[in-house]
Amino acid sequence: MTRKIIQKYHLLILLGIIAILMAFGILRLSGFVGHYNYINIPLHSSIEAIGAVMFILIAILIFIRTRGDTGELDFPLIAMGFLGMGIFDLYHSFLHVGNNFVLAHILSLLNGGFWFMLLFLPKKVKIIIRHKSFPFVSVGVWLMLLVLLTTNPNSLPMLEENGTFTFLSYIHNTLAGVGFIAGTIYLILRYRKEFENELFLLAIIALIQGLSCITFYQSEVWDIEWWLWHIYRFVGSIILFYSVFVMYRKMMEELGHINKNQSTIVNAMPFGLMIVSKDKKVIQLNKAARQLTGFENNEVYNQPCFDSICKAECNKCPVLDQKENVEGKKVIIGKKDGTSFPALKTVKQIKFNNEEVLLEGFVDLTEMVRAEEELRLGEKKFKEIFDSVTNSIFIIDFEEGIIEVNKTALEQYGYSKEEFLKMSPPDFIHPDYLHEFDRFMKEVTETGKFKGETIDIKKDGSKFYTDVSGSLVTFNGKPHILASVRDITIRKKAEKKLKNAMMDLERSNKDLEQFAYVSSHDLQEPLRKIKNYSDLLVIHSGDKLDEKGKKYLDIISRGAMRMQKLIDDLLGISRVSNEVQEFAKVNVNDLVQDVCKSLKKEILNQKAEVIYKDLPEIIGNEKQLFTLFENLLSNALKFTNNTSTEITIGCEELESDWLFSVKDNGIGFDMKYAEKIFVIFQILHARNEYVGTGIGLAISKKIVERHGGKIWAESQPGKGSVFYFKLPK
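All values derive from a computational prediction rather than experimental measurement.

Let us look at the sheet that holds strand β16 (residues 646-653). In spatial order, the strands read β14-β16-β17-β19-β18; together these 5 strands make up an open sheet with mixed pairing. The two strands at the open ends of the sheet, each matched to only one other strand, are β14 (609-612) and β18 (710-715). Pairwise comparison of adjacent strand axes, ignoring direction, gives a mean angle of 15 degrees for this sheet. Pairing of β14 with β16, which is carried by 4 bridges, proceeds in the parallel orientation. What sits directly across from Ile 611, in β16, is Thr 648. Strand contacts of helix α22 (residues 622-638): β14, β16, β17 (657-664) and β19 (721-728), with the helix running at about 170 degrees to β19, the strand carrying the most contacts.

This is the structure we're talking about:
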């Protein structure tokens, strides 16, 4: 409750004390408080002596409290201030009123103000003051001043004359007061961060001391102000001593509680702990150690540890024999049943019940050793698989280069493993392909994987083509590249042969197409003559020919016409193959409408209905697309079953293509001929049944392929056909 009140109202308490002290000073200056003298030397000596002893005891308690706490730098400075004040005030309490009497008290205040002022020093300086010889030097200076006060009192400055303080004494008191006020500010600032009661109490004591020093000029020896300031300081020192003592006692009780429960804490440790004396005899085992070894404390107490638990240690103890600690040493621990287990042991030399002993901690490594063995076997198996892979495998460190290769790599490149471990990939990649390695490194850094082809150089200087792939993997917490290299020399040679063969084939096709084009043109003239002269012969001599002669002339005429149609179709397929592709936007609705106009006679003769709508606008060669739709519509009109002919043209938009369809209700065909119908000169019916050259669908296929698409047909005999073709968007 008190702690909460102080934390909540600490500023009000502090301001209240200041207000009371200032009010008293104002009343004194205004004359409301009279001037009284009360001379009582024994009482003064008692107050000063008791206060001095309190300051010394406070300093001692603070030193004990902060012993070993290297992080606390302020309290040792405060303790030095109180210690010096206690020494000088104790000396002061035994003196008669006079110059030394005043000087001893002023030295007490100057010392206290000085040490409280040091609280504002940087942390580094405080560390030097605490851990060096500065405190001892300070005590030496105090003793020298006391000796000087005792042996040469007349050599010191005058601070009191005939019961009145001199100006110099006011100056000294004011300086001391400034130091105490500075310390008060520092302690209040720290209290507002940590809310420790002792900080607040120290701040109040420093404030009282500071105000007493600063307002010292108002008082004279034995007057009421002089006595009040003594009482304030005396009461403050008693309160502070009581508070520090209570805190110290609480700390000691907590320490005793810790010692009382030490055994419980030790037994709760999840690892084995054994306390061994300097003569290597067991003092105590914790619960985990008893469970691990099977021994009870009464079975091993005061027994040499090397006779039971530490047999494998060969009676050697590094801490005792070589004066060094043991950190994480692998040992064998013996058990009561005669077996043993591997353990990781740490040994420290500590104090236990004021005696130097060894604290040995050990952890059972049985599971870890088993796991290590499994890992070793796993690594062995991995190595066998690693070496059995038919591709060359490299593990590459970004800084160290190649750190591991498999057996295939050694055989394929001709280098030894030792040679590879001193190399990096650019050492055996052909110079013309080093840019590929740079690309690999960039890709694996950005995406975690890479793939490509290079030419590598073997140790004997021979070259071979490689297919390289790899990915980013992690080994021992670091990123590495796992690269797989496959020899593709045979494939590359085969690809080169195939490429040459394709070039030869393409050249032959071009020659053949050129031959067909030239031949078609050369055949046109003889055919025209045959046709023309056959017609003239009928006109001029037709009445002189018998029926058989007329029949022969008709066969010649129809053969010439068929040959003319065949040549025209050959020229058409040649033009599709050779003409330059000029692609533009084509409105298929308008295109089909033009095709229907071109086939108007055939559509009327068959009484056919052509249905189409909402056909898209695509990119293509308008002339060739016209021929494509004309051939497909002509085909549908030709192979009708003499019933009402219906042809439907549709289109479906796919992700990257347009899927067109031309559906009819004609005679259809068997699906086993689905590929044959697109082969040049291939027809499924007798020539006297359906007129045709067998080139129309071949031209259609050529056009679709020239546009980067695909054409196929689906049909059933007697149920019509559907011709599908895809064109890219």
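Moving on to the pairing of strand β11 (residues 463-475). Looking along a regular strand, one sees the side chains alternate between the two faces of the sheet. Note that strand β10 (residues 449-457) and β11 share 9 bridges and pair antiparallel. Counterpart to Lys 451 in the pairing with β11 is Ser 469. In this structure, the hairpin formed by β10 and β11 is closed by a connection of 5 residues, where Gly 461 is found at a positive phi of approximately 95 degrees. Of the strand pairs in this sheet, β11 and strand β12 (residues 478-487) are connected by 10 bridges, and their pairing is antiparallel. When the bridges of β12 are listed, Val 468 appears paired with Val 485.

Per the counting criterion, the structure on display carries 18 salt bridges. Residue Lys 478 is joined to Asp 397 by a salt bridge in which the shortest nitrogen-to-oxygen separation is 3.2 Å. In this pair, Lys 478 sits in strand β12 while Asp 397 sits in strand β8 (residues 392-397), placing the two residues 81 residues apart along the sequence. Using a relative accessible area of 33% as the deciding quantity, one classes Lys 478 as partly exposed. Note on Asp 397: relative accessible area 5%, which makes it buried. Among the salt bridges present, the one from Glu 419 reaches Lys 459, with a minimum N-O distance of 3.0 Å.

In this section: unusual backbone geometry. Backbone geometry at Lys 607 places phi at a positive 50 degrees, although glycine is not the residue there. You can see Lys 607 is positioned in the loop between α21 (600-605) and β14.

To continue, consider the packing of aromatic side chains. Counted under the stated rule, the structure contains 19 aromatic pairs. Ring centres 5.8 Å apart and planes at 80 degrees place the aromatic pair Tyr 413 and Phe 420 in the edge-to-face group. In this pair, the class of Tyr 413 matches that of Phe 420, namely buried. Between Phe 660 and Phe 725 the ring centres are 5.2 Å apart and the planes differ by 15 degrees, which places this aromatic pair in the stacked class. With Phe 660 in strand β17 and Phe 725 in strand β19, the pair connects residues that are 65 residues apart, well separated along the chain. Accessibility assignment for this pair places Phe 660 and Phe 725 in one class, buried. Put simply, the rings of Phe 394, Tyr 413, Tyr 415, Phe 420, Phe 428 and Phe 464 pair up and form one aromatic cluster. One Lys or Arg, Lys 710, reaches over the ring of Trp 712 and ends 5.7 Å from the middle of that ring.

Attention now moves to helix α23 (residues 696-706). Of the positions making up α23, those classed as buried are Leu 697, Ala 698, Ile 699, Ser 700, Ile 703 and Val 704. Just downstream of α23 lies Gly 708, where phi reads positive at about 80 degrees.

A few words on the side chain of Glu 360. Along the chain, Glu 360 turns up in strand β7 (residues 355-364). A distance of 3.5 Å separates polar atoms of two side chains, one belonging to Glu 360 and the other to Lys 345.

Let us now look at a nonpolar patch on the surface. A surface patch of nonpolar side chains, amounting to about 390 Å² of accessible area, comprises Phe 167, Leu 168, Ile 171 and Leu 175. Locating Leu 175 in the fold gives a position in helix α7 (residues 167-194).

The topology assignment puts Val 97 in the loop between α3 (74-93) and α4 (99-117). When the C-alpha positions of Val 97 and Ile 41 are compared, they lie 8.6 Å apart, and in sequence the two are 56 residues distant.

About the thresholds
- Residues numbered from 1 in each chain as written.
- Predicted model: local features only at pLDDT ≥ 70, side-chain atom pairs only at ≥ 80, totals over all residues.
- Heavy atoms only, no water.
- Pairing = 2+ DSSP bridges.
- Helix = DSSP H or I, 4+ residues; strand = E, 2+ residues; numbered from the N terminus.
- Axes fitted to C-alpha atoms, helices over the stretch in contact; angles between N-to-C directions.
- Contact = heavy atoms within 4.5 Å.
- Salt bridge = Lys/Arg side-chain N within 4 Å of Asp/Glu carboxyl O.
- Buried < 20%, exposed > 50% of the residue type's maximum accessible area, 1.4 Å probe, protein only.
- Phe/Tyr/Trp six-rings, centres within 6.5 Å; stacked < 30°, edge-to-face > 60°.
- Lys NZ or Arg CZ within 6 Å of the ring centre and 35° of its normal.
- Polar contact = N/O pair within 3.5 Å; in protein donor to acceptor, adjacent residues only side chain to side chain.
- Patch = residues over 30% accessible without salt bridge, like charges linked within 9 Å, V, L, I, M, F, W, Y side chains within 5 Å.
- Areas by Shrake-Rupley, 256 points an atom, 1.4 Å probe, with all protein chains shown as cover.

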